[in-house]
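Letter by letter, the chains look like this.
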Amino acid sequence: MDGPLSDEQRKLVEQSDLPVPPSYKEFVIQFGGAKLYRQGSSYLVQVFNVPTDYQSDDGHVLLHFGRTDLALAYFRESMLVPGEESPVFEWEHEQGLLEAASGFEEWLKARCLEARKLFTKKEWAAIEEGPPPFTEQEQAIVEARRKFRWQVIGIADNGNLMFEVHNGSNMVLPFLFIGVRAKNGKLNGGVWLPVSSIQPGKTCILEQDCYKKWLLPEEVDVFERPDPEPEDRDRYWEFRRLSR
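Notes on the structure follow. (Residues numbered from 1 in each chain as written. Predicted model: local features only at pLDDT ≥ 70, side-chain atom pairs only at ≥ 80, totals over all residues. Heavy atoms only, no water.)

## A look at the packing of helix α2 (residues 22-31) against helix α3 (residues 104-116)
Two numbers describe a pair of packed helices, the interaxial angle and the distance between the axes.
Item 1. It is at 7 Å that the axes of α2 and α3 come closest, and there the two elements cross at 60 degrees. In terms of orientation, α2 and α3 fall into the oblique class. On α3, the residues that touch S23, Y24 and F27 of α2 are F104, E105 and L108. (Axes fitted to C-alpha atoms, helices over the stretch in contact; angles between N-to-C directions. Helix = DSSP H or I, 4+ residues; strand = E, 2+ residues; numbered from the N terminus. Parallel < 35°, antiparallel > 145°, perpendicular 65-115°, else oblique. Contact = heavy atoms within 4.5 Å.)

Pasting the structure below:
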């Protein structure tokens, strides 16, 4: 969770003319944006701190406020009434847009309950116990990845993005994890740049498929991922051993 909004941000939310349901507004004020129940590289329940406009195929204006691992969650703008709750709609690839809950709080509780059931007792016990701290070698990898610099410099003929990557560290890493999302908010993930050929102090040009099956290159937004924490070992391929 991003954490409580600052006093200034709180005032902006409270004074906003957008008549989002009170339960959603209060959640954002208290917790900010939230990514909950991580499983592998995805989060099973997400709530955005700022909803985005989207127009459905049948012409309805929707507010995209969250998602699950399989569905996108919306309020329908025409049904919003100041100070009142509003139904939640979900869009799934197979079924399209359907009403999923009578309000935000009902939707959040139901989706969290469903997500919790996907973890075994052993998996949940491991989560509650917490991961072991980084070793010295792992901490050195965290320090090294901070010193890599990259930028998108173009689009290859095959639709891949072209990256210029500089290794400013004193190590060679197998991969560099960067964030990739759709500018319309429908996709949020990441890719692993194969940087094992880039020696310390060197710069290289790499090509990478950034969801070109689903997104045009112009629809892609790439961004820096935060430093990994011990619970992120499986997601950050920087910790993988170099191939011999």
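Additional details are given in the paragraphs that follow.
## Quick look at the nonpolar core
Taken as a class, soluble globular proteins show a tendency for nonpolar side chains to be buried jointly.
Item 1. Ranked by internal contacts, the top residues of the largest apolar core, which has 28 residues, are F163, V165, L193 and V195.
Item 2. Elements represented by at least two residues in this core include exactly α5 (136-146), β7 (148-155), β8 (161-167), β9 (175-182), β10 (188-194) and β12 (220-224).
Item 3. Those residues in contact with V165 that lie beyond four places of it in its chain are F148, R149, W150, L193, V195, I198, K202, T203, C204 and L206.
Item 4. Core analysis: the next-biggest nonpolar cluster, separate from the first, contains 24 residues, Y24, F27, W107 and A115 among them. (Core = buried A, V, L, I, M, F, W, Y, C linked by side-chain atoms within 4.5 Å. Buried < 20%, exposed > 50% of the residue type's maximum accessible area, 1.4 Å probe, protein only.)

## Focus: the sheet that holds β7
Strands pair in a sheet through their backbones, by hydrogen bonds, and they do so in one of two ways: parallel or antiparallel.
Item 1. Strand order across the open sheet formed by three strands is β7-β8-β11, with antiparallel pairing between neighbours. Each edge of the open sheet carries a strand with a single partner, namely β7 and β11 (203-208). On average, each strand axis in the sheet is inclined to that of its neighbour by 25 degrees, with strand direction left out of account.
Item 2. By the bridge criterion, seven bridges tie β7 to β8 in an arrangement that is antiparallel. Residue I155 lies in a different strand from β8, and its bridge partner there is L161. (Pairing = 2+ DSSP bridges.)

## As for the environment of G96
Item 1. Note that G96 resides in strand β6 (residues 96-101).
Item 2. As for G96 and E128, which are separated by 32 residues in sequence, their C-alpha atoms are 36 Å apart.
Item 3. Those residues within four positions of G96 in sequence are excluded, and the remaining contacts are E90 and W91.

## Here we look at the sheet that holds β12
Item 1. Read from one edge of the open sheet, three strands run β10-β9-β12, paired in antiparallel fashion. What marks the edges here is a single partner per strand, and that holds for β10 and β12. Each neighbouring strand pair of the sheet contributes to a mean axis angle of 35 degrees, computed without reference to strand direction.
Item 2. As paired strands, β9 and β10 are joined by seven bridges and run antiparallel to one another. What sits directly across from I178, in β10, is V191.

## What about α2?
Each α-helix winds once per 3.6 residues, and so residues spaced three or four apart point in a common direction.
Item 1. Among the residues making up α2, those that are buried are S23, Y24, K25, F27, V28 and I29.
Item 2. Buried residues along α2 sit in contact with α1 (7-14), β1 (34-39), β2 (42-55), β3 (61-68), β4 (72-76) and α3.
Item 3. Just beyond α2, the residue with positive phi is G32, at close to 70 degrees.

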